[in-house]
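Chain by chain, the residues:
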Amino acid sequence: MKRALALAFFLLFAATITHAQLSAEVMGAHDLSPLGTSPIKGTLSGSCLYCHAPHSGVGGITPLWNQTLSTQVYTPYTSSTYQQKGIQPQLGGASSLCLSCHDGTVAPGLTTAYGKVAMSGSMYPADQFGTNLQGSHPFSVITPIKDSPDLVSTLAAQGTTADPVIHLVNGNIECTTCHDPHAQSTDKVVPAFLVRDSSNGQMCLACHDPNRVVPGQTNLLAGWTTGIHAVASNTIGNPTMVGGYHTVAQNACESCHTSHNGSSTGRLLRGSNEQACVSCHSGGSNVSPAAPNVFAEFAKVGHPFTSGNSSHDASESALLNQNRHATCADCHNSHAASKVASLGLPPAIRPSQAGVVGISSADGVSVLNPSVNQFENCLRCHGTSTGKVANPVFGYLPMRAVSASDSLNVIPEFSATATSSHPVMHDRSSPLPQLSLRTYMLNVDGITQGRSMGTRIFCTDCHNSDDNREFGGPGPNGPHGSKFWHILERRYEFSQAPAPGQMITNLFPNPDLSVAGPYALCGKCHDLAQILSNSSFKAHANHINDGFSCSTCHTAHGMGAASGTISGERLVNFDANVVAPNGATPISYNRAAGTCTLVCHGQAH
């Protein structure tokens, strides 16, 4: 008898302690009692009674459920890269219990044991998901779970995560896989009923593995562990807007993704690709120290942003046919991108573009994932892709006397088989002396030395922000935008004429060889004084002193096609918008003889 009484006393004492702990320290917003901490308060004194009925739960549901269940039909998560398929949450299952309040269609306090309980207050809008769950992390999927290179190997094979605290429910992902409804503050910083501290992406990494390698398949999270978004210590100006933690690294995945109420149609992004990036990369106070203000560059003449039906999608082809857009995700992989601590030599891809997809210059169609060289990423749009257009916003575009059928395909122009080309896709190998070539490139001030002149150059040595850091400016590196035409780093003028062969309307006499002059871009790598001395061509000084631009006679990329009349050496390929054939004789150039046959500025040559 004494033993029985002692046991009963112990159970009553334990129950009292447990209730006190749940009410005062643990249940938090789920304590709807009059003295609870929820924004909603009812008249039942027992904090557990709003969800549980000690003796008469709904239909025999295991946790003695008391709240009226929602019978809504839900729209589950889907995306173009999602391999699973959702099903309706099982009525009375773990997720169904949560949705009985959180889908917002059934009011809290509609109990089965006690009827409708008088309630005051309202739920936070962020805690109501509605019936469209497209913006919430997938749950209640068709099992068995399908494997994917970005999932931990045991998830599909054994039904276990990399963290035993985060567990599947009957082999499925449910709300209670990530949330414990009885413990609000296991994570002290983000009290969202998480089953564990989720700083540094620990919750996500229990199921998603950026380091897994599956032969023949691409892990879209590869490179995350050392990527800038996983390690950046920049503090967050308003943590509640991007995950709740105080640094970029602590927010980790939540910096760009959200578990619930995502605004994107896929991948739970906080915004579409470029809109998600703008929150930190627009020079504001959202992060400290501030990230480079990339979006200030787009306000100049920048890469065209997504418009209409040409938006970026993670599943789209690497070769962007008939799809004129440039989003951050076209040139950067947000998972793998790293801080540019040192500027490597061309043509290798820069750390800020680590893990980005590209196209091989060998055939213009083979996909490289990831790109090894910077130009391979540019070839997604500027190679063999169809639907390319010359956008007037970028300024005047010369029409070359010798041109391939696709004049916007730069692969033939930079090819090693081209008669001449700038050394982007191959080493500099011209047998002709380059007397004007500098030992070092000049910085944007046109005076101080920048990177040493090697056998290769980047696309971004010419197409770059006009104030980029690599060459001495305060702005971000890369072709985001520039105050100069064609996203060029420095001023580069194009002589133009009202009709081929007529007088040029924009001459630049009394040549200004400074960084402010019309030849500034060429002067980055070439000593303009050498060119004026006629060291490489006997008539250079005459043309330059008369005010002709380099583009009248030279193509900037290279010879994209062959010609019987123009040798193509030293990038000589006339702008046919300016020069015209000399009568019946086609435009021609003979480097060995130093002569040309054409009509230019109203004169026959």
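Quick note: structure is the one above.
Predicted model only: the values in this text are computed from it and were never measured.

A. Representation of the pairing of strand 9 (residues 449-452). With two bridges joining them, strand 8 (residues 440-442) and strand 9 adopt antiparallel strand pairing. Opposite Leu-442, over in strand 9, you have Gln-449 as the bridge partner. Here strand 8 folds back onto strand 9, and the loop between the two strands holds six residues, one of which, Gly-446, carries a positive phi near 75°.

B. Quick look at helix 11 (residues 374-382). Looking only at helix 11, the buried set comprises Gln-374, Phe-375, Glu-376, Asn-377, Leu-379 and Arg-380. Residues of helix 11 that are buried make contact with helix 10 (328-331), strand 6 (358-359), strand 7 (367-368) and helix 12 (411-414).

C. Up close: the nonpolar core. Core analysis: the biggest nonpolar cluster contains 18 residues, and Ile-566, Phe-574, Val-579 and Ile-587 have the highest contact counts within it. Those residues in contact with Ile-566 that lie beyond four places of it in its chain are Ala-401, Val-402, Val-572, Asn-573, Phe-574, Ile-587, Ser-588 and Tyr-589. Counting residues in each nonpolar core, the second largest holds 17 residues, with Leu-379, Phe-414, Val-424 and Cys-459 among its members.

D. Inspection of the packing of aromatic side chains at higher detail. One pass over the structure, following the stated rule, counts six aromatic pairs. Ring centres of Trp-485 and Phe-494 lie 5.9 Å apart, and the angle between their planes is 35°; this geometry places the pair in the tilted category. Residue classification places Phe-494 among the buried residues on the basis of a relative accessible area of 5%. Ring centres of Tyr-492 and Phe-494 lie 5.0 Å apart, and the angle between their planes is 85°; on these two criteria the pair is classed as edge-to-face. There is no split in this pair, since Tyr-492 and Phe-494 are both buried. Members of the aromatic cluster, each reached through a chain of ring pairs, are Tyr-396, Trp-485, Tyr-492 and Phe-494. Above the ring of Phe-471, the side-chain terminus of Arg-490 is found at 5.9 Å from the ring centroid. Lys-524 extends its terminal NZ or CZ atom over the ring of Phe-471, reaching a point 3.5 Å from the ring centre.

E. Fine view of helix 2 (residues 94-102). Listed as buried for helix 2 are Ser-95, Ser-96, Leu-97, Leu-99, Ser-100 and Cys-101. Along its buried surface, helix 2 packs onto helix 4 (175-178). A positive backbone phi angle near 80° is found at Gly-104, which sits one or two residues after helix 2.

F. View of the side chain of His-312. Along the chain, the position of His-312 falls in the loop between strand 5 (301-302) and helix 10. On the basis of relative accessibility, which here comes to 16%, the residue His-312 falls in the buried class. Within the structure, the side chain of His-312 is placed 3.0 Å from the side chain of Glu-316, a separation counted as a polar contact.

G. Inspection of unusual backbone geometry at higher detail. Each neighbour pair has its own omega, and for Thr-143 with Pro-144 the value is 0°, a cis peptide bond. Looking at where Pro-144 falls in the secondary structure, it is placed in the loop between strand 2 (119-121) and helix 3 (153-158). Going from Asn-369 to Pro-370, the amide bond is cis rather than trans, its omega being 10°. Assignment of secondary structure puts Pro-370 in the loop between strand 7 and helix 11.

H. Spotlight on the pattern of salt bridges. Counted under the stated rule, the structure contains 18 salt bridges. Among the ionic pairs, Arg-456 bridges to Asp-427, the shortest N-O distance being 2.9 Å. With Arg-456 in the loop between strand 9 and strand 10 (481-482) and Asp-427 in the loop between helix 12 and strand 8, this residue pair connects regions lying 29 residues apart in the sequence. Via salt bridges that share partners, Glu-297, Lys-300, Asp-466 and Asp-467 belong to a single interconnected network.

I. Looking closely at the environment of Gly-383. Turning to its location among the elements, Gly-383 is positioned in the loop between helix 11 and helix 12. For Gly-383, a relative accessible area of 0% gives the class buried. On a C-alpha basis, the gap between Gly-383 and Val-410 in space is 5.7 Å, while along the polypeptide they are 27 residues apart. Among all residues touching Gly-383, those that are not within four sequence positions of it are Lys-388, Asp-406, Leu-408, Asn-409 and Ile-411.

Conventions adopted
- Residues numbered from 1 in each chain as written.
- Predicted model: local features only at pLDDT ≥ 70, side-chain atom pairs only at ≥ 80, totals over all residues.
- Heavy atoms only, no water.
- Pairing = 2+ DSSP bridges.
- Helix = DSSP H or I, 4+ residues; strand = E, 2+ residues; numbered from the N terminus.
- Buried < 20%, exposed > 50% of the residue type's maximum accessible area, 1.4 Å probe, protein only.
- Contact = heavy atoms within 4.5 Å.
- Core = buried A, V, L, I, M, F, W, Y, C linked by side-chain atoms within 4.5 Å.
- Phe/Tyr/Trp six-rings, centres within 6.5 Å; stacked < 30°, edge-to-face > 60°.
- Lys NZ or Arg CZ within 6 Å of the ring centre and 35° of its normal.
- Polar contact = N/O pair within 3.5 Å; in protein donor to acceptor, adjacent residues only side chain to side chain.
- Salt bridge = Lys/Arg side-chain N within 4 Å of Asp/Glu carboxyl O.

None of the figures reported here should be taken as evidence of function without further support.
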